[in-house]
Amino acid sequence: MSTGAADQQALARVPASDVVEHLIREMTLEEKLAQLVGVWVNASTDGDSVAPLQNQMAGDTRSWEEIIADGLGQITRMYGTVPVEPAEGARRLAAAQEQIMAASRFGIPAQVHEECLAGLAAWKATAFPVPLAWGATFNPGLVQVMAARIGTSMRALGVHQGLAPVLDVVRDLRWGRVEETIGEDPYLVGTVATAYVQGLESTGIVATLKHFVGYSASQAGRNHAPVSMGPRELADVMVPPFEMAIRHGGPRSVMHAYTDVDGVPAAANRALLTGLLREEWGFAGTVVADYFGVAFLDVTHGVAADSGDAAVLALRAGVDVELPTVNCFGEPLLRRIREGALDESVVDDALRRVLTQKAELGLLSTDFSPVPLALSGTNESDPIELDPAANRLLARELATQSLVLLSNREFKGAPALPLDPAGSLGVVGPLADDPFAMLGCYSFDAHVGASHPEVPMGISVPSVAAAAAGRFGSVTTSVTGNCESATEEQIVEACQVASSVETCVVVVGDNAGLFGRGTSGEGNDAADLRLPGDQHRMLDRVLSACEASGTRAVVVVLSGRPYALGDFVDRADATVQGFFPGEEGGSALWDVLTGVANPSGKLPVSVPRSPGGQPGTYLHSKLAGPSGVSALDPSPLFGFGHGLSYTTFELSDHQCSAPTMSTSDSVNVSCTVTNTGSRGGAEVVQLYLEDPVGEVVRPVRELIGYARVELEAGASAVVDFVVHADRTSFTGLDLQRVVTPGLVKLHVSTSSTSDAASHEVILHGPRRVVGFEREMLTPVEVRRG
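Note that the structure is a prediction, hence the values are computed from the model and not measured.

Reading guide: rules and limits
- Residues numbered from 1 in each chain as written.
- Predicted model: local features only at pLDDT ≥ 70, side-chain atom pairs only at ≥ 80, totals over all residues.
- Heavy atoms only, no water.
- Helix = DSSP H or I, 4+ residues; strand = E, 2+ residues; numbered from the N terminus.
- Rg over C-alpha atoms; globule rule 2.2 N^0.38 Å.
- Buried < 20%, exposed > 50% of the residue type's maximum accessible area, 1.4 Å probe, protein only.
- Contact = heavy atoms within 4.5 Å.
- Areas by Shrake-Rupley, 256 points an atom, 1.4 Å probe, with all protein chains shown as cover.
- Axes fitted to C-alpha atoms, helices over the stretch in contact; angles between N-to-C directions.
- Parallel < 35°, antiparallel > 145°, perpendicular 65-115°, else oblique.
- Left-handed = near helix turned anticlockwise from the far one by under 90°.
- Nonpolar A, V, L, I, M, F, W, Y, C, P; charged D, E, K, R; others polar.
- Pairing = 2+ DSSP bridges.
- 1 Å grid on protein atoms, 1.4 Å probe; cavity = no way out; pocket = protein on both sides within 12 Å on 5 of 7 lines; lining within 4 Å.
- Points joined across faces, edges and corners; volume = space filled by probe spheres on them.

Caption draft 1: Representation of the overall build of the protein in the model. When helices and strands are counted, the protein shows 22 helices and 31 strands. For a compact globule of 785 residues, the expected C-alpha radius of gyration is about 28 Å, and the protein comes in at 27 Å, within 12% of that figure. The principal-axis extent of the C-alpha atoms belonging to the protein is close to 85 × 70 × 50 Å. Within the protein, buried positions represent 62% of all 785 residues. Put simply, of all contacts in the protein between residues at least 6 apart along the chain, 79% involve residues at least 24 apart. Surface accessibility of the protein: about 26,600 Å² in total, with carbon and sulfur atoms responsible for 50%.

Caption draft 2: Layout of helix α15 (residues 331–338). Every buried residue of α15 is listed here: P332, L333, L334, R336 and I337. On its buried face, α15 is in contact with α3 (29–34), α14 (307–317) and α16 (344–360). In the stretch just after α15, G340 is the one whose phi turns positive, near 90°.

Caption draft 3: Quick look at the packing of helix α2 (residues 19–26) against α16. Closest axis-to-axis distance for the α2/α16 pair is 10 Å, and the angle between their directions is 140°. In terms of orientation, α2 lies oblique with respect to α16. α2 and α16 meet at a crossing whose hand is right-handed. Contact with α2, carried on its side by V20, E21, L23 and I24, involves D348, L351, R352, L355 and T356 of α16 and no other residues of that element. Partitioned by chemical class, the residues of the contact of α2 with α16 number five nonpolar, one polar and three charged.

Caption draft 4: Fine view of the sheet that holds strand β10 (residues 404–408). Strand order in this open sheet of six strands is β10-β17-β16-β15-β13-β14, and the pairing throughout is mixed. Strand pairing shows two members of the sheet lacking a second neighbour, β10 and β14 (475–479), which therefore form its edges. If you compare each strand with its neighbour and ignore which way they point, the axes differ by 15° on average. Against the sheet, helix α21 (residues 535–549) contacts β13 (425–429), β15 (503–509) and β16 (552–559), and its axis sits at roughly 170° relative to β15.

Caption draft 5: The arrangement of unusual backbone geometry in detail. Across the junction of K210 and H211, the peptide omega takes the value 5°, indicating a cis bond. In this fold, H211 is placed in strand β5 (residues 206–212). A cis geometry characterises the amide bond from F212 onward to V213, with omega recorded as 0°. Along the polypeptide, V213 turns up in the loop between β5 and α10 (231–238).

Caption draft 6: Focus on the layout of surface pockets. Estimates place the volume of the largest pocket at around 820 Å³. Contributing to the lining of the largest pocket are 42 residues, with R171, E233, D236, V237 and L619 lying nearest its centre. Listing elements by their share of the lining of the largest pocket, those giving two or more residues are α9 (186–201), α10, α11 (240–248), β24 (702–711) and β26 (730–731). Looking at which element gives the most residues to the lining of the largest pocket, the answer is α10, with four residues.

Caption draft 7: Spotlight on the packing of α9 against α11. It is the contact of α9 with α11, at a shortest axis distance of 8 Å, that shows an interaxial angle of 30°. What the angle tells us is that α9 and α11 run roughly parallel. Note on packing geometry: the crossing formed by α9 with α11 is right-handed. Touching P186, Y187, V189, G190, T191, T194 and Q198 of α9 are P241, M244, A245 and H248, all from α11. Here the residues of the contact of α9 with α11 are counted per class, giving six nonpolar, five polar and no charged.

What follows is the structure, encoded as structure tokens:
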């Protein structure tokens, strides 16, 4: 096809502000629709899937030349579909962009997207901790630095859009994708996700909020299951993180959820994608489909008769781009428009948003170069470094801050942890010597690499045993089966090791994978919260061996969700929880276990006592808690926000600036935090709201502010929270978000189950309706003495 040189020259003469409208006027319908789709150039229709129903959905029989003849909107995962050397991937991308630009009249390159949930999902790229670990740090600033590092790598490779972060709030801990979330609290999720968005967008990469909205509340924790949630819970629990990220983070894309809420799939929900997102919140970016989500309106939801109907429903609702490849927005949509089922102006609205974003990214500039920056000025054979030393240091810091010390009992007159490296050590359990214990399902080597066993891991990921080898004079390792099974012989061997050493570290938890290829991750939902497979039996036996021999027993859980530990915590001398801490997780773990680093992580999700007792999150009403009318007690073993340290902290001098405020005013809540121990450490001061009498049922408590405070031994700092009345708002009887007069309680805490002080404040004045412009944040200042 002609390169259309005359058209490109004409485009170059159009002022930048008019380029988009010029293109909309000049494009044929086929050219317009080509901009609203992605193509998954490396996708396979056989073997292991990395997206739901991929094998059934990803088969486009057209040739590459036919696909790009009218242009192309997006390229799907050039680096993240199969293991490819980064430099080779960059060369392939450059060649593809050159072909796309040459094939169509206007020479518009494709927008390139990749997954970046736990680091860029590309071979040889840094595997950072998963989002649940970000939540455990309670450190948005550090997450922002990580996101900027990820974005810098993506930009160098010619990538334009990242499919992250996940803003789903955990409601059922059995859901396989808990590891991808930041936690069970909307404020923690919102603040940390906003920081990630700010970091990614600061590098020029388009951040994509997902999954909008309600996905994590699927029935029985089953992936893609319907969501039985009323509009009030949706508005007060699931929606706020998206509001916060859009208001304060500046993302340029949103991805719709797979699920339906009360019978309406998100991909066909105009009230959600257009009414709420665009008209009410003023979001001006693009809405992209979760992979095959448009086709699922026909295939799994049954609200469309075929692909054409699905396309019309999605486009009319507000979906701009079909990902990952063309199923509905191509020929099926073209036919429906030609038949009069959809006005072309709806296509133009989506196209305007897509082209505006391409203009922002420089893709409509006449001097755009298809050669990624990483190839500029390099020799053809030079490798591209995606896991530099600085990234590994950052990954280690994040991992260290994310590890949660759940318990630390007295052992022979002193706390069991930290360990003395001079003693003999045994490391046992299914994850004792498994590097994949560190990686979540969206880390490249678990997400894609596991399906290519002939290809080595692209990065160094020391296992728990390997990371211990350089620190202890004597280390004995016993790999006790895998996360799903262990033989009697393997359990006996682990018990023998436990009986023969001074300290036994038992490593249990998950292996992440996709759609049944693991115990955690997308499609790996759990029937209950018992440790997977034979681990419960194995752990019971090993702890008995430790008790009999006087061995110090340290249980380490490396997982994508919390598991019920009620049968073990009083028998273990210490317990540490890690949530897939990334490539440096093994080293960070031993830093914590040996006292090189002081643990400071706090639980972003509650740890249950028993495998049942749902719901297991702290954000619940009074009726959902323990009571005499049910024999089932859902109280957690360790509550949201819990985490111990090797030093001690005291919260004192509690102040509240006033006993009353108007429904449009604010109060200041402050306290002094003192490190009363013998070494430096960090405490997370948490502020919770209780609304004892509401016009609708309110949660027992909800987090409204927090501050991570690092202090040397003996040092103090004053923490000041500014609590606006808007922070007490909720969705009222009339389904409007309101601030109401009455009593509220503000609890200063170090966890959701441990209060240091409580302040009563009476709100007076009129009932106020608030919306997107309300105060969503609780500003906090830490003043050091």
